[in-house]
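Letter by letter, the chains look like this.
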Amino acid sequence: MKYILGHLNPDTDTICSALVYEDFLKQKGVEAKAMALGHLNNETKFIFEKFSITAPDHVHELPHGSEIILLDHNEEKQSIKNVNNLDIVEIIDHHKVKIETDKPISILIKPLGSSCSIIAEKYLETGFPSESEKLGVGHPTLSKTNASLLIAGIISDTLFFRSPTTTQTDKDLVEKLNQIAQIEDLEKFSLEMFDAKSDLGDMPIEEVVRLDYKVFDFGGKNYGIGVMETTNKDYGINRKDEISAKLKEIKEKDNLAGVFFSIIDILEEKNYTLTSGDEETELFTELFNAENQNGILFVDKLISRKKQIVPKFEKHFTDARRFTQKNHQR
Ligand SMILES: [Mn+2]
């Protein structure tokens, strides 16, 4: 059995790509099971209700030596707890590569807007057959529901093509997929998704922060970066003091060098960031030329953690390390 695992704090792309890939592998005659490393967010729940999908089982740890496929991530810190004693047999992802393996494995990493795009391309290789074509064992076809799930993943990760991570391929794939999915109004569908994601009610603040949260190793130090992609930015801004206090707490508790939390207004494409302390505020302000608005760091058009935020940090810490090394050599 191959377990297909998306990343911790799962989002729509990670869940949908894993589920559809499970179906793809099964149709190829491979025993596979998609599992979720955490609760589904409200956007994913909305999708599952809309298309009557059963949520994948949760998993916290797997038995030693289990075969796993990493989907939508390749970093240990974003993966299942005991990833180190599991057997990674395959990786499918669209993030920067940061992995070392002890044997050759199958790796498919593409600079596309979502992992669902990469899974969609697997069907494209065989001409995008719809379910009605009944090609027989070993020739996967795409059901209406699965085509819808792939569209949902692409829309979610690219913020319906607003994110700078979007490629022409993502747009072309959505058009092709929708010939099977037949979603009437994609714009309307995307707004329903974003509104569902933005509806957090009285969720405890720690859950709010960790809803879309990842830990990164920058120059040997660990930093947490959470984002809240929303159509209701005031929800986060109104809770800014609670959030800042929680970021400080998480920094201590998880032994991190710093924690950042970006409220991202999807429709206006604006970023409002909170941090775990003065040093972090200074760093963020410097890196992104942010404007301090009553304790919130405002940056226009900064909406992608993957393509805009993380690379800036990476570069900053790599340059800093080079500088120190050079000074040591002298
Ligand atoms: Mn993704």
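Described in the following lines is the structure provided in the data block. (Residues numbered from 1 in each chain as written. Predicted model: local features only at pLDDT ≥ 70, side-chain atom pairs only at ≥ 80, totals over all residues. Heavy atoms only, no water.)

Describing the sheet that holds strand 5 (residues 106-109)
Next up, step 1: Strand order across the open sheet formed by five strands is 2-1-3-4-5, with parallel pairing between neighbours. Only two strands of the sheet have a single partner each, and these edge strands are strand 2 (32-35) and strand 5. Direction aside, neighbouring strands of the sheet carry axes that sit 20 degrees apart on average.
Next up, step 2: Two strands pair when backbone bridges link them, and strand 1 (residues 2-5) and strand 2 are joined in this way by four bridges, in the parallel orientation. Looking across to strand 2, one finds that Tyr3 is bridged to Lys33.
Next up, step 3: Along the sheet, helix 1 (residues 12-27) contacts strand 1, strand 2, strand 3 (67-71) and strand 4 (87-93); its crossing angle with strand 2, the most-contacted strand, is approximately 170 degrees.
Next up, step 4: Contacts from helix 3 (residues 115-124) reach strand 3, strand 4 and strand 5 within the one sheet, and its direction differs from that of strand 4 by about 95 degrees. (Pairing = 2+ DSSP bridges. Helix = DSSP H or I, 4+ residues; strand = E, 2+ residues; numbered from the N terminus. Axes fitted to C-alpha atoms, helices over the stretch in contact; angles between N-to-C directions. Contact = heavy atoms within 4.5 Å.)

Thoughts on helix 1
Residues separated by three or four positions in an α-helix point in the same direction, a consequence of the helix having 3.6 residues per turn.
Next up, step 1: Between its terminal C-alpha atoms helix 1 stretches 23 Å, which fits the 22 Å expected from 16 residues at 1.5 Å a residue.
Next up, step 2: Of all 16 residues in helix 1, 13 are buried, a share of seventy percent or more.
Next up, step 3: Looking one or two residues past helix 1, Gly29 carries a phi angle of roughly 90 degrees, positive in sign. (Expected span 1.5 Å × (residues − 1). Buried < 20%, exposed > 50% of the residue type's maximum accessible area, 1.4 Å probe, protein only.)

Details of the pairing of strand 11 (residues 296-300)
Next up, step 1: With four of its five residues buried, strand 11 lies for the most part within the structure.
Next up, step 2: Summarising the sheet, strand 9 (residues 270-275) and strand 11 pair through four bridges and their orientation is antiparallel. By the bridge assignment for strand 11, Lys270 is matched with Asp300.
Next up, step 3: Pairing of strand 10 (residues 291-293) with strand 11, which is carried by three bridges, proceeds in the antiparallel orientation. What sits directly across from Gln293, in strand 11, is Ile296.
Next up, step 4: Connecting strand 10 to the next strand, strand 11, in antiparallel fashion are two residues, including Asn294 with a positive phi near 50 degrees.

A few points about the nonpolar core
Next up, step 1: Counting 51 residues, the largest nonpolar core has Ile4, Tyr21, Ile151, Leu177 and Phe189 as the members making the most contacts within it.
Next up, step 2: Residue contributions to this core peak at eight residues, all from helix 1.
Next up, step 3: Counting residues domain by domain, this core receives three or more from each of domain 1 (2-196) and domain 2 (205-327).
Next up, step 4: Contacts of Ile4, omitting those with residues within four sequence positions, involve Ala18, Tyr21, Glu22, Leu25, Ala32, Lys33, Ala34, Met35, Ile69 and Leu71. (Core = buried A, V, L, I, M, F, W, Y, C linked by side-chain atoms within 4.5 Å. Domains from an automatic or database assignment.)

Brief notes about the state of the cysteines
Next up, step 1: Under the criterion given, the structure shown has zero disulfides.
Next up, step 2: The cysteine Cys16 is free of any disulfide, with Cys116 supplying the nearest cysteine sulfur at 5.3 Å.
Next up, step 3: Among the residues examined, Cys16 registers a relative accessible area of 0% and is labelled buried. (Disulfide = S-S within 2.5 Å.)

Some details on the side chain of Lys214
Next up, step 1: Position of Lys214 relative to the elements: it lies in strand 6 (residues 213-218).
Next up, step 2: No salt bridge is formed by the buried Lys214. Its closest oppositely charged neighbour is Asp11, at 5.3 Å.
Next up, step 3: In this structure the side chain of Lys214 is engaged in a polar contact, spanning 3.5 Å, whose partner is the side chain of His95.
Next up, step 4: In contact with Lys214, not counting residues within four places along its chain, are His7, Gln78, His95, Tyr223, Gly224, Ile225 and Arg305. (Lys, Arg positive; Asp, Glu negative; His and termini not counted. Salt bridge = Lys/Arg side-chain N within 4 Å of Asp/Glu carboxyl O. Polar contact = N/O pair within 3.5 Å; in protein donor to acceptor, adjacent residues only side chain to side chain.)

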